[in-house]
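Each chain is listed here by its residues.
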Amino acid sequence: MAAFVCADQLHKIYQVTSDIQVHALKGVSLEMAAGDFVAIMGPSGSGKSTFMNLLGCLDVPTRGRLFLQGVEISSLSQKQLAGIRNQKIGFIFQNFNLLPRTSALDNVELPILYSKVNASTRYRRAADALERVGLKDKMRNFPNQLSGGEQQRVAIARALVNTPPLILADEPTGNLDSQTGGEIMRILKNLNDHYKITIVLVTHETDIARYARRQVHFRDGVIVSDQ
Amino acid sequence: MNILMTVRVALKALRKNKLRSLLTVLGVVIGVCAVITLVNLGSGAQISIEKAISGLGTNLLVIFPGSVTQGGIRTGYGTVTTFIAEDADAILNECADVQMVSPLVTSAAQVVFQNQNWSTSILGADTDYQRIKNWPLALGEFFTAQDVKAATKVCIVGETVADKLFVKQNPVGQVIRIKRMPFRVVGVLTPKGQTAFGQDQDDTILVPFTTAQKRLVGITHVSMIMAYAVSVEGTAAAQEQIQNLLRHRHKIKKGDDDDFTVRNLADLTSVFSTITGILTLLLGSIASISLLVGGIGIMNIMLVSVTERTKEIGIRLSVGATSQDILLQFLLEAVLLSLIGGTIGIIFGMSITSGVSYFTGWPSPISLYAILIAFLFASGVGIFFGLYPARKASRMNPIDALRYE
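Residues numbered from 1 in each chain as written. Chains lettered and ligands numbered in written order. Predicted model: local features only at pLDDT ≥ 70, side-chain atom pairs only at ≥ 80, totals over all residues.

1. Things to note about the overall build of chain B
Applicable threshold: Starting at the N terminus, helices and strands are each numbered in turn, a helix being any DSSP run of H or I of at least four residues and a strand any DSSP run of E of at least two. It is over C-alpha atoms that the radius of gyration is taken, and the globule rule equals 2.2 Å times the number of residues to the power 0.38. Once C-beta atoms are placed from the backbone, each residue is buried if 20 or more other C-beta atoms lie within 10 Å of its own, exposed if 12 or fewer, and partly exposed for counts between those two. We call two residues in contact if the C-beta atoms placed from their backbones are at most 7 Å apart.
Broken down by element type, chain B carries 13 helices and 12 strands. Taken against the 2.2 N^0.38 rule, which gives 22 Å for 405 residues, the C-alpha radius of gyration of chain B at 35 Å runs more than 25% over that of a compact globule. Its C-alpha atoms give chain B principal-axis dimensions of about 110 × 55 × 30 Å. Of all 405 residues assigned to chain B, the portion counted as buried reaches 42%. Intrachain contacts of chain B at a sequence separation of at least 6 include 81% that bridge at least 24 residues.

Below you can see the structure in the form of structure tokens.
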């Protein structure tokens, strides 16, 4: 049985201009089991965001191979990658990335719009997801009518709505005070504990990283520690 | 994502920017409205002009005697003397599309009244001539069938002749001398003015063609025959019927040239139709420029919109939209803008057309063709000017788009 996520000697080189190259990942190998909760840490420029982008199928590695549930992502077409993002991955961002002037419900429905699901199922699933993050009564609110913590919970509901096996959270608490940040982390922890969703979390803060079962440190494009 | 969903997403996006969408749509509305109005009014003008021209006598057919070839020498028009009044009767009786005929005998002579004299053209005609030419009398009455039958010495003078000979007297009832023969004036024609070539149509005297044949010229044939078709459309058919009839009557063998020529004014109508057609096209093209400007407006707004919504594009890509989904969404926004604009423009254009035709009395055929063209053109504008921004949106890198502030 292959690992849930398997990275094999990943390299990513950005061609900034014709003569400037940035070698963001220099051979990263990593395995994650299903249901794992991994915190990725490291200073800026260490390659952790690049790794997350590859893992999130938003980008493809320059060299090396990356498997998700045994499927080699690095060889898929753009369209297939979009399908994987839709079905297998939920994203949570530091700045929430909700559509402005769009209700919480519509925001949560967004991923389902890009999968073949009928309207009534779409509504039910979006409403369920909002209920799970405790925002059912605010589903008609626009993002600017919600607090930062509530917006992030809407983002979590959006990440959950297609029941993906993997959630990628890029500094999910970075824009929140420590108390709300803690709430968000408890929600993520709960998802990991009860629904066995694999969570990969990027963070600076050791307090936040403590919620994870495993901490991987990046520096200069390589993994320096894994515990 | 299916098309219907994409349409709803696009509509939602347009609603979020009501004023901007409205102003963009306005550009297309004005363009389509201008195209519809000008094309409709143009074809309305075409119809009025055609009507006016057919009033000039487009039903008219003039049959000239042609040339005969004697020993290899072609003698030119008008040398045939086989054209007789019976040909005219036969044309009237046997050609279904001919309504009226008049044999004509042309001549010129000096006319004298008391101490005045004037040289003018004398036209021998039949009683229908007046109706064929649609030429009412100012004074008196036209000569009668009886006059034609008996070759009476009566005449009708044109306005110029009346002025020159009678100065301020009433010509009706007076006796003038044509080639020293006394003719009683029975009527005066209303002034018709000059022909296109500067010929004074009022400088003429009409007499019964029999009188002209027997008393003035001394011939038994006629100079030409004028026929009037039942309708403008029937002119071509009448022309063919006359041709067949005359070939038969003149015993012209198959393959030999006609000894006559039939001419009509249909050419004139077609020239005017061409002119008004060109005008309509010209007006339409000028109007399409405004449609083009409207299209550029759409493109402009869509480009701004794509840049402004970079983050939205990034979010959509991250939750699983394919670049095709993004392309379709932005393209549909542009097409919807132009279709909404097109529909409103068509309604406005038709209202303006009806309004103008109500106040000016011009005919305004609501051309389904113009509407269809405008509609297709509007959606074409949407696709054409929406494609570039939509492609730009669909080619965004999701990582950069998400990071965009």
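2. Some thoughts on the overall build of chain A
Across its full length, chain A holds 7 helices and 10 strands. Against the compact-globule benchmark of 17 Å for 227 residues, chain A has a radius of gyration of 17 Å, which places it among compact chains. Taking the principal axes of its C-alpha atoms as reference, chain A extends roughly 50 × 40 × 40 Å. Residue burial in chain A is summarised as follows: out of 227 residues, 46% are buried. Considering only intrachain contacts with a sequence separation of at least 6, the fraction spanning at least 24 residues in chain A is 69%.

3. Some words on the sheet that holds strand S2 (residues 21-32) of chain A
All names here are of chain A. Applied cut-off: When DSSP finds two or more bridges between a pair of strands, those strands are recorded as paired.
Strand order in the open sheet made by the 4 strands is S2-S1-S4-S5, with antiparallel pairing throughout. The sheet terminates laterally at S2 and strand S5 (71-72), the two strands that pair on one side only. Where strand S1 (residues 5-15) and strand S4 (residues 63-68) come together, 5 bridges link them in antiparallel fashion. Its bridge partner lying in S4, Asp 8 is registered against Arg 65.

4. Some remarks on the nonpolar core
Rule in force here: As used throughout, a nonpolar core is a set of buried Ala, Val, Leu, Ile, Met, Phe, Trp, Tyr and Cys residues joined through C-beta atoms within 7 Å of each other.
By size, the foremost hydrophobic cluster in this structure holds 121 residues, and its most contacted members are Ile 40, Val 108, Leu 130 and Ala 157 of chain A together with Val 32 of chain B. Those residues in contact with Ala 157 of chain A, other than ones at most four positions away along the chain, are Val 108, Ala 129, Leu 130, Arg 132, Val 133 and Leu 135 of chain A. Of all hydrophobic cores here, the second largest spans 54 residues; its members include Cys 95, Val 101, Val 188 and Ala 227 of chain B.

5. Looking at the interface of chain B and chain A
How we decide: Asp, Glu, Lys and Arg are counted as charged, while Ala, Val, Leu, Ile, Met, Phe, Trp, Tyr, Cys and Pro are counted as nonpolar; the rest, among them Gly, fall into the polar class.
In this assembly, 17 residues from chain B lie in contact with 19 residues from chain A. Those elements giving two or more residues to the side of chain B that touches chain A turn out to be helix H1 (3-16), helix H10 (310-318), helix H11 (323-360) and helix H13 (398-403) of chain B. The greatest single-element share of the side of chain B that touches chain A, amounting to 5 residues, is contributed by H10 of chain B. Along the lines of polarity and charge, the residues of the side of chain B that touches chain A split into 8 nonpolar, 4 polar and 5 charged.

6. Remarks on the packing of helix H3 (residues 104-113) of chain A against helix H4 (residues 119-132) of chain A
All names here are of chain A. Condition: Lines are fitted to the C-alpha atoms to define the axes, a helix being fitted only along its stretch in contact, and any angle between axes, read from their N-to-C directions, falls within 0 to 180 degrees. Whether a crossing is left-handed or right-handed is set by the direction in which the near helix is turned from the far one by less than a right angle, anticlockwise for left-handed and clockwise for right-handed.
Here H3 crosses H4 at 120 degrees, and the two axes come no closer than 9 Å. Crossing of H3 against H4: the hand is right-handed. Judged by residue contacts, Ala 104, Leu 105, Val 108, Glu 109 and Ile 112 of H3 engage Arg 122, Arg 125, Ala 126, Ala 129 and Leu 130 from H4. Broken down by class, the residue content of the contact of H3 with H4 amounts to 7 nonpolar, no polar and 3 charged.

7. Considerations on H10 of chain B
Taking burial as the measure, the 9 residues of H10 of chain B include 7 buried ones, the bulk of the element. Regarding H10 of chain B, the residues found buried are Glu 312, Ile 313, Gly 314, Ile 315, Arg 316, Leu 317 and Ser 318 of chain B. Residues of H10 of chain B that are buried make contact with helix H2 (78-88), strand S6 (89-92) and H3 of chain A together with H11, helix H12 (368-394) and H13 of chain B. In the segment just after H10 of chain B, Gly 320 of chain B is the residue with positive phi, at about 115 degrees.

8. Some thoughts on the sheet that holds strand S8 (residues 198-202) of chain A
Residues and elements named next belong to chain A. In spatial order, the strands read S6-S7-S8-S3-S9-S10; together these 6 strands make up an open sheet with mixed pairing. The two strands at the open ends of the sheet, each matched to only one other strand, are S6 and strand S10 (222-226). Taken pair by pair, the neighbouring strands of this sheet meet at an average axis angle of 20 degrees, ignoring direction. Packed on one face of the sheet, helix H6 (residues 178-195) meets strand S3 (37-41), strand S7 (166-170) and S8 and runs near 150 degrees to S8.

9. Overview of H11 of chain B
Definition in use: Expected span of a helix: the number of residues minus one, times 1.5 Å.
If you check H11 of chain B, its first and last C-alpha atoms are 54 Å apart, about what 38 residues at 1.5 Å a residue would give, namely 56 Å. A positive backbone phi angle near 80 degrees is found at Gly 361 of chain B, which sits one or two residues after H11 of chain B.

10. Examining the environment of Leu 402 of chain B
With respect to the helices and strands, Leu 402 of chain B occurs in helix H13. Taking the number of C-beta atoms within 10 Å as the measure of exposure, Leu 402 of chain B has 22 and is therefore buried. Once the C-alpha coordinates of Leu 402 of chain B and Lys 311 of chain B are considered, the two residues, 91 residues apart in sequence, prove to be 5.2 Å apart. The residues contacting Leu 402 of chain B, other than those within four sequence positions of it, are Asn 97 of chain A together with Lys 311, Gly 314, Ile 315 and Ser 318 of chain B.

11. Points about unusual backbone geometry
All names here are of chain B. Positioned with a positive phi, Val 167 is a non-glycine residue whose angle comes to about 50 degrees. Taking the number of C-beta atoms within 10 Å as the measure of exposure, Val 167 has 10 and is therefore exposed. Not every positive phi belongs to a glycine, and Lys 179 is a case in point at roughly 50 degrees. Look at Lys 179 and you get partly exposed, because 14 C-beta atoms sit within 10 Å.

12. A word on the pairing of strand S7 (residues 154-157) of chain B
Residues and elements named next belong to chain B. Side chains Val 154 and Ile 156 project from S7 onto one buried face, and the interleaved Cys 155 and Val 157 project onto a second face that is buried too. Bridging between S7 and strand S9 (residues 181-189) involves 4 bridges; their strand directions are parallel. Each bridged residue has a counterpart across the sheet, and for Val 157 the counterpart in S9 is Val 188. The pairing of S7 with strand S10 (residues 204-208) spans 2 bridges and is antiparallel. From the neighbouring strand, Ile 156 faces S10, where its bridge partner is Leu 206.

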